[in-house]
Amino acid sequence: MPDEARRPVSAYSVSKRLSIPYETVRRHIRDLVQQGRCEAWEDGFVVPAKVFGHSRSRAETQAVLDAVRNLVAACQAAGFQPDPAAAPSQPMTAHHVGRLATTYAVEGIQLMADPLGLGVQSALVLHTISQLNTGHIRDDPKLSKRYAALSTIPEDHERKPATVYELSRKLHLPYETARRDCMRLVDQNLLTRDAQGRLIVPQEVFARPATVAAYKAFSDLTARFLDQVAHAPVSSEPELVSA
């Protein structure tokens, strides 16, 4: 897409869309501008077409494509069979797959955030702590099979507590930002702390009807995404990855 066809967006609209504090969004956009990934225009900010031709962007797009392929393989190994009829008839570039994957990721986080009354960043913090709590379960074939269904939720004593430092490193967030987000989640009864101050997303949170419904909606979203990309002919050649 040529630059003249791109519509500038304001920091405020991004903040409202993602439910992230305005100052946080402004800081991230400033960093993107300094990195050359974004440009400030008179009416807002734009990611210009030249960014997508950069070798760094191509490498990142390829990494996303590889991650999508791994997701498809993992879901198929778990028994999910994408619908071949839902695949587009025309080949997709790796960049197109990257756009679909980004949309899927943001919509997925929002599906989990809305029922709990959270913004995207807080929901991502909560999800990441949950992942740190249960990584050892996912890596154990017997345990992962035991807790494969939505109705089988690991008890609190089976969860590995996570630290704010681990969270900060995982999400590349400043330590104080991560700590403040965690304290808000503790106040909202979405996180608990042990005697050492380590964090757990308790079983009770996942058993709430709103959370179960959100996971079901996320499962449906994932199925639609996989239907789009699993059988689609995709070219990963760099010269075919366009804006």
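Keep in mind the model is a prediction, meaning the values are calculated, not measured.

Colleague: Help me get a handle on the environment of methionine 183, residues and values and all.
Modeller: Secondary-structure assignment places methionine 183 in helix 9 (residues 175-187). Each C-alpha atom, one on methionine 183 and one on glutamine 196, is 14 Å from the other, the two residues being 13 residues apart in sequence.

Colleague: With reference to specific residues and values, describe the confidence of the model for the protein chain.
Modeller: For the protein chain, per-residue confidence averages 86 on the pLDDT scale, and 95% of positions sit at 70 or higher. In the model of the protein chain, strand 6 (residues 234-235) stands out as the element of lowest mean pLDDT, 60, in contrast to strand 5 (residues 199-200), which has the highest, 96. A low-confidence stretch, residues 236-243 stays under pLDDT 50, and its non-local contacts, those more than four residues away or across chains, total 19 contacts.

Colleague: Quick one: what's the story with the packing of helix 4 (residues 55-77) against helix 5 (residues 94-113), residue by residue and with numbers?
Modeller: At their nearest, the axes of helix 4 and helix 5 sit 9 Å apart, and the two run at 65° to each other. Put simply, helix 4 runs roughly perpendicular to helix 5. Regarding helix 4 and helix 5, the two cross each other, and that crossing is left-handed. Listed contacts from helix 5 to Thr61, Val64, Leu65, Val68 and Leu71 of helix 4 are Ala94, His95, Val97, Gly98, Ala101 and Tyr104. Looking at the contact of helix 4 with helix 5, its residues break down into eight nonpolar, three polar and no charged.

Colleague: Lay out the packing of aromatic side chains in plain terms, naming residues and giving numbers.
Modeller: Under the counting rule described, the total for this entry stands at three aromatic pairs. With a centroid separation of 5.9 Å and an interplanar angle of 20°, the aromatic rings of tyrosine 104 and phenylalanine 218 are classed as stacked. Here the residue tyrosine 104 occupies a position in helix 5, and phenylalanine 218 occupies one in helix 11 (residues 209-229), the gap between them amounting to 114 residues. For tyrosine 104, a relative accessible area of 14% gives the class buried. In this structure phenylalanine 218 comes out as partly exposed when scored by relative accessible area, which is 27%. Between tyrosine 104 and phenylalanine 225, the aromatic rings sit 4.5 Å apart at their centres with planes inclined by 5°, giving stacked as the arrangement.

How each quantity is defined
- Residues numbered from 1 in each chain as written.
- Predicted model: local features only at pLDDT ≥ 70, side-chain atom pairs only at ≥ 80, totals over all residues.
- Heavy atoms only, no water.
- Helix = DSSP H or I, 4+ residues; strand = E, 2+ residues; numbered from the N terminus.
- pLDDT = per-residue confidence, 0-100.
- Contact = heavy atoms within 4.5 Å.
- Axes fitted to C-alpha atoms, helices over the stretch in contact; angles between N-to-C directions.
- Parallel < 35°, antiparallel > 145°, perpendicular 65-115°, else oblique.
- Left-handed = near helix turned anticlockwise from the far one by under 90°.
- Nonpolar A, V, L, I, M, F, W, Y, C, P; charged D, E, K, R; others polar.
- Phe/Tyr/Trp six-rings, centres within 6.5 Å; stacked < 30°, edge-to-face > 60°.
- Buried < 20%, exposed > 50% of the residue type's maximum accessible area, 1.4 Å probe, protein only.

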